[in-house]
Amino acid sequence: MASVRIPPVLRPHTGGAPEVEASGTDVGEVLRSLTAAHPGTQEQLFGEDGDLNRYVNVYLNDEDVRVLDGLATKVSEADTVVILPAMAGG
Amino acid sequence: MTTGARTKVVEEIEPFEAAREIEGGDVVLIDTREPHEYQEVHLDGGKLVPPGLLTDEIATAAPNKSARTIVYCRSGNRSYKAAEQMEVMGYTDVASMAGGILLWQEQGLPVLAADGMTPEQRDRYSRHTLLPEVGIDGQLKMLNAKVLLLGAGGLGAPAALYLAAAGIGTIGLVDDDVVDASNLQRQVIHNTERIGMPKTASARIFIEGLNPDVEVVEHNGRLDASNILDVIEGYDVVVDGADNFPTRYLLNDASVRLRKPVVSASILGFDGQISTFAPFEGPCYRCLYPTPPPAELAPSCSANGVLGVMAGTMGTLQANEVIKLILGKGEPLIGRLLLYDALGTRFTELKVRRDPNCPICGEDAAEIPESEMGKFPDYDAFCAGAGGDRQTLAS
């Protein structure tokens, strides 16, 4: 199971947990396990077309999955998937 | 020059004799004054060993006890005592320079002086100039630098505090808000007495009280497409501490066009993010965030809350980035996004790549013609429902 770092804005949907475990062999599967376990995260992460929302940045460890293979990027047990929202607070 | 228990008379030499010996080489030259005196003026090759640190540091500065060693101070008193002490420690060929550096200078012999700074500045910035990465040159760069703070709030306040203390010569502040009691848990440059005062005016009072070297420029208003190029053009670095997406995108596009580096941070709750955007050298804000999130995913600090000290950490990190950019030292956060989780006390670093398809700085981004300069898309519409209804900066 990979670890998924949950940003503060999504924590209300994970019972406050800042990090959860999710299974899957690629980023898409991991995120779908996350949304299955925590349905409130579904519409924040994915659009109606099933693609990641454009405003959601997802990293495999420290690399943006956009420069890897997107949702098809392979994930191993030791990896961390980071969900990163833009914030505007100053 | 009287010490009661003197057993042996220390050799004293005149400055011109010392100069001749120094020129001949093979002389260890020890300056036994305080660091601030040394910084102001010293002899070429003089190694600083303050009187109070003689027993601890002389072995490092003068490892060979039989080598010819000349000690000097301001007028010859401290160097006499130091030479005496060194003889007790086993140094066999020590001389004290009579009349010290004062007589040396009176006789027209050359010294190394810190150029371009007043004595007050040499004193004020001595802890900077002692650092090899800063030095006199670096401090002068800071004194000549112009930094614009976009927002004098949660991020701008701590950034302004340290940038002012560091001696940034010109600090511009953009904010259209007034000081509110709810700001004071994090906006440390404002205070209770100044509640109701424009933040730029309050910031000026604080900065001028801290450091008279800083010229404060107030931009008491809101940045928009009509004024942003004029406002940022005169600055070397911009610190983005805005509290809304439209201003962040506007600043990005204008700063890429004018090739101004932006040290950008954002805060919410216990979390902060920071990166440095250096146009065409690294990614820009749009490479990182092509599209702003909807409002429910981007609550404001006023709606969500923010830990004051975390804002201080992030604003201070911004000030640190600014200083590195000005000095041209270290590794700026270009192409790196640093996340800070104050609750877990955890830092995470992510890579940020330049997007070849970025509409602003990508490969196909057209050179902006003069006639298009200052014409921007409708950011409020672009960010509609994305926190774009918040019109004030850093509130």
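On a predicted model such as this, the values are computed, not experimentally measured, just so you know.

**Structural notes on the pairing of strand 5 (residues 69–72) of chain B**
Residues and elements named next belong to chain B.
- Alternating residues of strand 5 divide into Thr69 and Val71 and Ile70 and Tyr72, and every residue in both groups is buried.
- Summarising the sheet, strand 2 (residues 28–31) and strand 5 pair through four bridges and their orientation is parallel. Within strand 5, the residue paired with Leu29 across the bridge is Ile70.
- Relative to strand 6 (residues 94–97), strand 5 runs parallel, the two sharing three bridges. Within strand 6, the residue paired with Thr69 across the bridge is Val94.

**A short note on the sheet that holds strand 13 (residues 271–277) of chain B**
Residues and elements named next belong to chain B.
- Spatial strand order, 10-9-8-11-12-13-14-15: eight strands in an open sheet with mixed pairing. Strand pairing shows two members of the sheet lacking a second neighbour, strand 10 (215–219) and strand 15 (346–351), which therefore form its edges. Along the sheet, successive strands turn relative to each other by an average axial angle of 15°, direction set aside.
- As judged from the five bridges shared by strand 8 (residues 146–150) and strand 9 (residues 170–174), these two strands associate in the parallel manner. Residue pairing in the sheet places Leu148 in a bridge with Gly172 of strand 9.
- Its contacts with the sheet place helix 9 (residues 156–166) against strand 8, strand 9 and strand 11 (237–240), and it is angled at close to 170° to strand 9.

**Quick word on helix 10 (residues 199–210) of chain B**
Residue and element names in this part refer to chain B.
- Taking 1.5 Å per residue as the helical rise, helix 10 with its twelve residues ought to reach 16 Å, and the 16 Å between its terminal C-alpha atoms agrees with that figure.
- Along helix 10, the residues classified as buried are Lys199, Thr200, Ser202, Ala203, Arg204, Phe206 and Ile207.
- Looking at the buried residues of helix 10, the elements they touch are helix 9, strand 9 and strand 10.

**Concerning the sheet that holds strand 6 of chain B**
Residue and element names in this part refer to chain B.
- Taken in spatial order, the five strands make up an open sheet running 1-6-5-2-4, and their pairing is parallel. The open sheet is flanked by strand 1 (11–13) and strand 4 (47–48), the only strands paired with a single partner.
- Sitting on the sheet, helix 4 (residues 77–88) is in contact with strand 5 and strand 6, with an inclination near 175° to strand 6.

**Remarks on the interface of chain B and chain A**
- Contacts between the two partners involve 34 residues from chain B, matched on the other side by 18 residues from chain A.
- At the level of secondary structure, the elements contributing two or more residues to the side of chain B that touches chain A comprise helix 12 (245–258), strand 12 (262–268), strand 13 and strand 15 of chain B.
- By residue class, the composition of the side of chain B that touches chain A is 16 nonpolar, twelve polar and six charged.

**Here we look at the environment of Arg32 of chain A**
- Positionally, Arg32 of chain A belongs in helix 1 (residues 27–37).
- The exposure class assigned to Arg32 of chain A is partly exposed, which follows from the 19 C-beta atoms found within 10 Å.

**A closer look at helix 8 (residues 135–144) of chain B**
- Within helix 8 of chain B the residues assigned to the buried category are Gly138, Gln139, Leu140 and Met142 of chain B.
- Those residues of helix 8 of chain B that are buried are in contact with helix 7 (126–129), helix 9 and helix 15 (308–327) of chain B.

**A closer look at the pairing of strand 15 of chain B**
Residue and element names in this part refer to chain B.
- Note that strand 14 (residues 336–341) and strand 15 share six bridges and pair antiparallel. From the neighbouring strand, Leu339 faces strand 15, where its bridge partner is Thr348.
- Between strand 14 and strand 15, which follow one another and run antiparallel, lie four residues, and Thr345 among them has a positive phi close to 45°.

**Let's talk about unusual backbone geometry**
Residues and elements named next belong to chain B.
- Residues other than glycine seldom take positive phi values, yet Asp26 does so here, at roughly 55°.
- Inspection of the secondary structure assignment puts Asp26 in the loop between helix 1 (15–24) and strand 2.
- For Asp26, a count of 8 C-beta atoms within 10 Å puts it in the exposed group.
- Unusually for a residue other than glycine, Phe280 sits at a positive phi of about 70°.
- Inspection of the secondary structure puts Phe280 in the loop between strand 13 and helix 13 (285–288).

**A look at the nonpolar core**
- Ranked by size, the top nonpolar core spans 99 residues in total, and within it Val147, Leu149 and Ala160 of chain B carry the most contacts.
- Excluding its chain neighbours within four sequence positions, the residues that come into contact with Val147 of chain B are Leu163, Ile168, Ile171, Tyr235, Asp236, Val237, Val239 and Val322 of chain B.

The rules behind these values
Residues numbered from 1 in each chain as written. Chains lettered and ligands numbered in written order. Predicted model: local features only at pLDDT ≥ 70, side-chain atom pairs only at ≥ 80, totals over all residues. Buried ≥ 20, exposed ≤ 12 C-beta atoms within 10 Å, placed from the backbone. Helix = DSSP H or I, 4+ residues; strand = E, 2+ residues; numbered from the N terminus. Pairing = 2+ DSSP bridges. Axes fitted to C-alpha atoms, helices over the stretch in contact; angles between N-to-C directions. Contact = placed C-beta atoms within 7 Å. Expected span 1.5 Å × (residues − 1). Nonpolar A, V, L, I, M, F, W, Y, C, P; charged D, E, K, R; others polar. Core = buried A, V, L, I, M, F, W, Y, C linked by C-beta atoms within 7 Å.

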